Amino acid sequence: MPKRPIRFFNTTGPCNPDDHYMLPPAERLQGAQLHRYVRDELYWSLHAPRQTGKTTFLQSWAKEINAGGKAVACYVSVERCQPFHDVERAMPEACVAIQEWAANAGLPVPKTNTDEPGSVLSSILINWAGLVVPQPLIVLFDEVDVLENDAMISFLRQLRGGFASRGVGKFPVSIALVGMHDLEDWLISIKGGKALNPGSPFNIKERSVTISNFVKKDIVHLFAQRTEETGQQIEPAALDYVWEQSQGQPWIVNNLFKRATMEILDEEDYQTVTLAHIQQAREQMILDRETHLKSVAFRMELPRVRNVVEKLLTGEVDINLAQSENFRFCLDLGLVANNHGEMSIANPIYREVLARDISYGAQVMMPKPTFRWQKPDGSLDMDSLLKEFQGFWQENSEIWEENANYTEAFPHLLLMAFLQRITNGSGRIEREYAAGRKRMDLAIEYNGKWNIIEIKLLRDRQTFDKVKAEGLKQIIGYRDSFSSSLRMKDSEKIPCYLIIFDRRSEDKKSPWEQRITWNAEGGVTVIGC
């Protein structure tokens, strides 16, 4: 097919350079030696989160290999095996996938010479290698981690069984196994965390490779392709915001650019893309809950993900978090990041989606506000709002917490739900949280005016005064940093609220009449709950 005269930013399925603005995904592979995998007949694995460019890379690399004429390569997705966890059904489905993808690529379609599930995969690969003689066969298996338990073990063992005899006409000389998780981590997980022994079903792997997010210059180069085709420019501040919000996650970057150029602006309107356009695209993307973001939120159903996210929400200090299996699992999913020792949600978009999703149930159960929460100028009456929340917390928190999935982060989630109920549609909440921070910071914008809230927890072996002193120092630092990011000159004019929740054990908590407090100190309103 001919190249489109005007391409677009793609967010669904693999990219191709004739239709989509794209950057070569092979340039983002970390630790890969592609020439060696073919030349030295090696097996290897690639793992990265969804929609980071894995499939785009695999399909383009297969075409590149085939164009060279020295080998035959085929991309094969085994996603069709996902419903089948047993060997008897999963292995025949994997063979059907091989046949379908071979036909799609215009390659010889192999046959199986046995009905035995434990050898049917190796049988079809042997047959396939014979069909492409005198060229060697290379197979790029995608979505391999949809296979589970015995089905995965059988899949890997059959590949290992053919590895020693690999060669032209005998067995694929090079195989890539690609998915979201490193195969070694997966094998360790099914052994209950025990290290692999030399008899591991895939100890023939040369190495594990990953594919990184965009770096900032990649985002600049990606939009530059549109500028070259259409003349459309983008403000530097808008590019900075795309980087800040996405941290280079490819699907988010493309989605923000696509919305700004095809929805916020008409696709034939080539006026300059501004910061306001990208901000509007961000809000639309979060509210629309497209499949990618739904899948991010869906992961919160997994106990091992909840375990990590709750620690990030509360800012809990956990010296073992970074090396825990749960955290590595979340890293593979692309949900979290470890930036110079600070464990956090991977980017502000995910941070917002996760916070909204896990507080949504409480939000819809909130009664419609009947109190005065707006000032005459249309801005939030935050004093009135938070005094109302104090009453709501005293009356309902103990009952609501009994049914909460996130008990440690319950105060944070209930307050966010309370605020979201008010600001929905007319304002926004910026959230900052990460492991080890021992706090959560919220910046609430409503009708162009900002308020800042910091949430702290008072735990056993702590005193209110000590937590307050720490919180006052932190909230002033956050206010100054936040106002600087917005280029605001008078940060002192942003109202600041430090909310301290008493989370000590029942025998150490103060009575409600002592717990519910309201004081001003150093330009900050200190609220006890």
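Residues numbered from 1 in each chain as written. Predicted model: local features only at pLDDT ≥ 70, side-chain atom pairs only at ≥ 80, totals over all residues. Heavy atoms only, no water.

(A) Inspection of the packing of helix 7 (residues 216–230) against helix 8 (residues 236–246) at higher detail. Contact pair helix 7 / helix 8: the axes reach a minimum separation of 10 Å and the direction vectors enclose 130°. Here helix 7 is positioned oblique relative to helix 8, judged by the angle of their axes. Judged by the twist between their axes, the crossing of helix 7 over helix 8 is right-handed. Judged by residue contacts, Lys216, Ile219, Val220 and Phe223 of helix 7 engage Leu239, Asp240, Val242, Trp243 and Ser246 from helix 8. A per-class count over the contact of helix 7 with helix 8 returns six nonpolar, one polar and two charged. (Axes fitted to C-alpha atoms, helices over the stretch in contact; angles between N-to-C directions. Helix = DSSP H or I, 4+ residues; strand = E, 2+ residues; numbered from the N terminus. Parallel < 35°, antiparallel > 145°, perpendicular 65-115°, else oblique. Left-handed = near helix turned anticlockwise from the far one by under 90°. Contact = heavy atoms within 4.5 Å. Nonpolar A, V, L, I, M, F, W, Y, C, P; charged D, E, K, R; others polar.)

(B) Up close: unusual backbone geometry. Along the chain, valine 133 connects to proline 134 via a cis peptide bond; the corresponding omega equals 15°. Backbone geometry at glutamate 143 places phi at a positive 60°, although glycine is not the residue there. As for its position among the elements, glutamate 143 is in the loop between strand 4 (137–142) and helix 5 (149–163). At asparagine 149, a residue that is not glycine, the phi angle is positive and equals roughly 50°. Tracing the backbone shows asparagine 149 in helix 5. Judged by relative accessible area, which is 42%, asparagine 149 ranks as partly exposed. (Buried < 20%, exposed > 50% of the residue type's maximum accessible area, 1.4 Å probe, protein only.)

(C) Spatial organisation of a nonpolar patch on the surface. Residues Tyr360, Val364 and Met365 make up a contiguous nonpolar surface patch of about 340 Å² in total accessible area. Among the secondary structure elements, tyrosine 360 is positioned in helix 14 (residues 348–365). (Patch = residues over 30% accessible without salt bridge, like charges linked within 9 Å, V, L, I, M, F, W, Y side chains within 5 Å. Areas by Shrake-Rupley, 256 points an atom, 1.4 Å probe, with all protein chains shown as cover. Salt bridge = Lys/Arg side-chain N within 4 Å of Asp/Glu carboxyl O.)

(D) Broad picture of the nonpolar core. Counting 87 residues, the largest nonpolar core has Phe257, Leu415, Leu442 and Ile453 as the members making the most contacts within it. For this core, the element with the highest residue contribution is helix 16 (residues 410–423), accounting for nine residues. Once you skip the residues sitting within four places of it in the chain, leucine 442 turns out to touch Leu415, Met416, Leu419, Ile429, Glu430, Arg431, Asn451, Ile452, Ile453, Ile455 and Tyr478. Listed in part, the 38 residues of the second largest apolar core include Val120, Ala151, Met152 and Ile175. (Core = buried A, V, L, I, M, F, W, Y, C linked by side-chain atoms within 4.5 Å.)

(E) Structural detail: the pattern of salt bridges. Overall, the coordinates contain 27 salt bridges when judged by the stated rule. Glutamate 263 is the partner of arginine 259 in a salt bridge, and the nearest nitrogen-oxygen pair spans 3.4 Å. Highlighted residues: arginine 259 and glutamate 263, both in helix 9 (residues 250–264), separated by four residues, approximately one helical turn. Here arginine 259 falls in the buried class, since its relative accessible area comes to 3%. The class for glutamate 263 is partly exposed, based on a relative accessible area of 44%.

(F) Broad picture of the environment of proline 367. Within the secondary structure, proline 367 is located in the loop between helix 14 and helix 15 (382–401). Judged by its relative accessible area of 52%, proline 367 is exposed. As for proline 367 and phenylalanine 418, which are separated by 51 residues in sequence, their C-alpha atoms are 9.4 Å apart. Residue contacts for proline 367: discarding those within four places in its chain leaves Phe392 and Arg421.

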